[in-house]
Amino acid sequence: MPVITNIEDLRRIYERRTPRMFYDYAESGSWTEQTFRENTSDFRHIRLKQRVAVDMSGRSTRTTMIGEDVAMPVALAPVGLTGMQCADGEIKAARAAEAFGVPFTLSTMSICSIEDVAAHTKNPFWFQVYTLKDDDFMRRLFERAHAANCSAIVITVDLQLLGQRHRDLKNGLSAPPKLTVKSIANMMTKVPWGLEMLGTKRRFFGNIVGHAKGVTDPSSLSTWTAEAFDPALDWKRIAQFKEWWGGKVIIKGIMEPEDARRAAEIGADAIIVSNHGGRQLDGAVSSIRMLPAILDAVGDKVEVHLDSGIRSGQDVLKAVALGAKGTYIGRAFTYGLGAMGEKGVTKALEIIHKELDVTMGLCGETDVNRLGAHNLYVPQGFGDPTVLL
Ligand code: GLV
């Protein structure tokens, strides 16, 4: 058993265990992948202030996100096809999150359905919705999320069109995987993955197959998004979804102060500063660099969260010290899941928690809620994307 000390260790095991098609799906950004790379590298421009000889005992990472108690300000992000990274992946990830005390967000594009995840967990989880043209489908989706006792929906607003990830096209990404010479040859080298997958019936998009009408190939994410998603989405429509749902709403995919103001105006409970992990608009600014401007615009009106680029507890601390009330990990938990199933997700959470806890202590802080700009050295112009770092 290898000694696993960081998220990168989990990524390496995940890469070995998982069919190329699904590894590439998680590990891609769109087009040149500039935004995908900068989401992580921009965190390194922020440095931490080391403090000594202050009482570092009795530390706590506990806080709240949209009023819910969390063991640390980290939620599991919605990730499509999670049940292809590992058999029954969404159920395993949700159970690990529940046991750890952090929110789990189920993607509309999950393999395990909302009902299935609800049947295998005790606590309410969050449900991510895409903005589709089909009113009936949307209304039914909200009803299903209510019936499953979801405590919030996360509306993704940055995927009216799907960004092109070259490797998905080259690999012929689908769920379940289409059997071609190339995919079979690769899957034959992933025996434990394959055996587990043969042992489950959950191999299709569980929220879509049997629920969505008029989709010509329900196994293909790109076909489904092109046929069903609403390219004409506007704020009126988003407000309508909020009304139909009637509960807590988090709006995901905000990168500009102007859009943040619109989200606050319609009464969102939180917004997520996110460029979709660099998977949509390649050339967009990293989310950590946009965080200060968004906080300036709406920080006093709505809870501001951040995703895209978090791979460590130090990253969490930097985002929170800048002012984010919460963060999300997508790839970081996917690595753990693909590497070791439910235990791997727990491992990813433990790693990030330990890094956050120790970093906080070495910065001279004992309470995650007291982190602030005083803990950081932020280069001049960091929050201004027109300044080259
Ligand atoms: C879906 O949300 C994706 O980024 O593939």
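One can find the structure itself at the top, above this paragraph.
Residues numbered from 1 in each chain as written. Predicted model: local features only at pLDDT ≥ 70, side-chain atom pairs only at ≥ 80, totals over all residues. Heavy atoms only, no water.

Trainee: Residues and numbers for the overall build of the protein, please.
Mentor: Looking only at helices and strands, one finds 16 helices and 12 strands in the protein. Against the globule reference of 21 Å for 389 residues, the protein gives a C-alpha radius of gyration of 20 Å, in line with a compact fold. In terms of its C-alpha atoms, the protein occupies a principal-axis envelope of roughly 60 × 55 × 45 Å. The buried share among the 389 residues of the protein stands at 58%. Pairs at least 24 residues apart make up 74% of the contacts formed inside the protein by residues separated by at least 6 positions. Carbon together with sulfur atoms contributes 53% to the accessible area of the protein, which is approximately 16100 Å² in total. Charge separation in the protein, taken as the distance between the mean sites of 47 positive and 46 negative side-chain charges, equals 5 Å. (Helix = DSSP H or I, 4+ residues; strand = E, 2+ residues; numbered from the N terminus. Rg over C-alpha atoms; globule rule 2.2 N^0.38 Å. Buried < 20%, exposed > 50% of the residue type's maximum accessible area, 1.4 Å probe, protein only. Contact = heavy atoms within 4.5 Å. Areas by Shrake-Rupley, 256 points an atom, 1.4 Å probe, with all protein chains shown as cover. Lys, Arg positive; Asp, Glu negative; His and termini not counted. Charge placed at Lys NZ, Arg CZ, Asp CG, Glu CD.)

Trainee: Quick one: what's the story with the side chain of Glu365, residue by residue and with numbers?
Mentor: If you trace the backbone, Glu365 turns up in the loop between helix H16 (331–362) and strand E12 (376–377). Notably, Glu365 is buried but unbridged: the nearest opposite-charge side chain belongs to Arg370, and the N-O separation is 5.1 Å. Reaching out from Glu365, the side chain makes a polar contact with the side chain of Asn375 at a distance of 3.0 Å. With sequence-adjacent residues up to four places away left out, Glu365 is seen in contact with Arg59, Met360, Arg370, Leu371, His374 and Asn375. (Salt bridge = Lys/Arg side-chain N within 4 Å of Asp/Glu carboxyl O. Polar contact = N/O pair within 3.5 Å; in protein donor to acceptor, adjacent residues only side chain to side chain.)

Trainee: So what's going on with unusual backbone geometry? Residues and values would help.
Mentor: Negative phi characterises most residues that are not glycine, and trans characterises most peptide bonds. Across the junction of Ala175 and Pro176, the peptide omega takes the value 0 degrees, indicating a cis bond. Looking at the element boundaries, Pro176 is found in the loop between helix H8 (166–171) and helix H9 (181–187). Despite not being glycine, Trp31 shows a phi value in the positive range, around 40 degrees. Summarising the element assignment, Trp31 is placed in the loop between helix H2 (20–26) and helix H3 (34–41). In this structure Trp31 comes out as partly exposed when scored by relative accessible area, which is 46%. Phi angles above zero are rare outside glycine, and Ser308 is one such case at about 85 degrees. Within the fold, Ser308 resides in the loop between strand E10 (303–306) and helix H15 (313–322).

Trainee: Describe the pattern of salt bridges, naming the residues involved and giving the relevant values.
Mentor: Using the criterion set out here, one finds 21 salt bridges in the structure. A salt bridge links Glu33 to Arg167, with the shortest nitrogen-to-oxygen separation between them at 3.0 Å. Placement of Glu33 in the loop between H2 and H3 and of Arg167 in helix H8 is noted, with a sequence separation of 134 residues between them. The exposure class assigned to Arg167 is partly exposed, which follows from its relative accessible area of 29%. Salt bridges here are not isolated pairs; linked through shared partners, they connect Glu8, Asp9, Arg11, Arg12, Glu15, Arg20, Asp24, Glu33 and Arg167.

Trainee: Explain helix H13 (residues 257–265) residue by residue, including any values.
Mentor: Pro257, Ala260, Ala263 and Ala264 are the residues of H13 that are buried. Here the buried residues of H13 occupy an arc of 115 degrees about the axis, which is enough to place them on one side. Residues of H13 that are exposed and angled more than 90 degrees away from the buried face: Glu258 and Glu265. Taken together, the buried residues of H13 touch helix H12 (235–245), strand E8 (248–254), strand E9 (270–273) and helix H14 (287–298). Two residues or fewer past H13, Gly267 is found with a positive phi of approximately 85 degrees. (Arc of directions from axis to C-beta.)

Trainee: Let's hear about a nonpolar patch on the surface: which residues, and what values?
Mentor: A cluster of nonpolar side chains, namely Leu179, Ile184 and Met188, defines an oily patch on the protein surface of about 340 Å² accessible area. By secondary structure assignment, the location of Ile184 is in helix H9. (Patch = residues over 30% accessible without salt bridge, like charges linked within 9 Å, V, L, I, M, F, W, Y side chains within 5 Å.)

Trainee: Could you give me a rundown of the packing of helix H1 (residues 7–17) against H16, with the residues and numbers involved?
Mentor: Packing of H1 against H16 brings their axes to within 10 Å, and their N-to-C directions diverge by 175 degrees. When the interaxial angle is binned, H1 and H16 end up roughly antiparallel. Contacts between H1 and H16 involve Ile7, Leu10, Arg11, Ile13, Tyr14 and Arg17 from the first element and Ala332, Thr334, Tyr335, Gly336, Gly338, Ala339, Met340, Gly344, Lys347, Ala348, Ile351 and Ile352 from the second. Partitioned by chemical class, the residues of the contact of H1 with H16 number 11 nonpolar, 4 polar and 3 charged. (Axes fitted to C-alpha atoms, helices over the stretch in contact; angles between N-to-C directions. Parallel < 35°, antiparallel > 145°, perpendicular 65-115°, else oblique. Nonpolar A, V, L, I, M, F, W, Y, C, P; charged D, E, K, R; others polar.)

Trainee: How would you explain the layout of surface pockets if you had to name every residue and give the values?
Mentor: In this structure, the largest pocket spans a volume of roughly 400 Å³. Every residue lining the largest pocket is counted, 21 residues in all, and those nearest its centre are Val157, Asp158, Gly253, Met255 and Asp259. Looking at the lining of the largest pocket, the elements with two or more residues in it are H12 and E8. Class assignment of the residues belonging to the lining of the largest pocket gives a composition of 12 nonpolar, 5 polar and 4 charged. (1 Å grid on protein atoms, 1.4 Å probe; cavity = no way out; pocket = protein on both sides within 12 Å on 5 of 7 lines; lining within 4 Å. Points joined across faces, edges and corners; volume = space filled by probe spheres on them.)

Trainee: Run through the environment of Glu90, naming residues and quoting values.
Mentor: Relative to the elements of secondary structure, Glu90 occurs in helix H5 (residues 89–100). In this structure Glu90 comes out as buried when scored by relative accessible area, which is 1%. Each C-alpha atom of the pair Glu90 and Thr105 lies 9.3 Å from the other, and the pair is 15 residues apart in sequence. If near-sequence neighbours (up to four positions away) are discounted, Glu90 is found in contact with Leu81, Thr82, Gly83, Phe104, Leu106, Ser110, Ile111, Cys112 and Val117.

Trainee: So, the nonpolar core: which residues are in play, and what are the values?
Mentor: Counting 113 residues, the largest nonpolar core has Leu76, Ile251 and Ile271 as its most contacted members. Setting aside chain neighbours within four positions, we find Leu76 in contact with Ala93, Ala97, Val102, Pro103, Phe104, Thr105, Tyr328, Ile329, Phe333, Val345 and Leu349. Core analysis: the second largest hydrophobic core is formed by 12 residues, Ile66, Ala77, Val154 and Ile250 among them. (Core = buried A, V, L, I, M, F, W, Y, C linked by side-chain atoms within 4.5 Å.)

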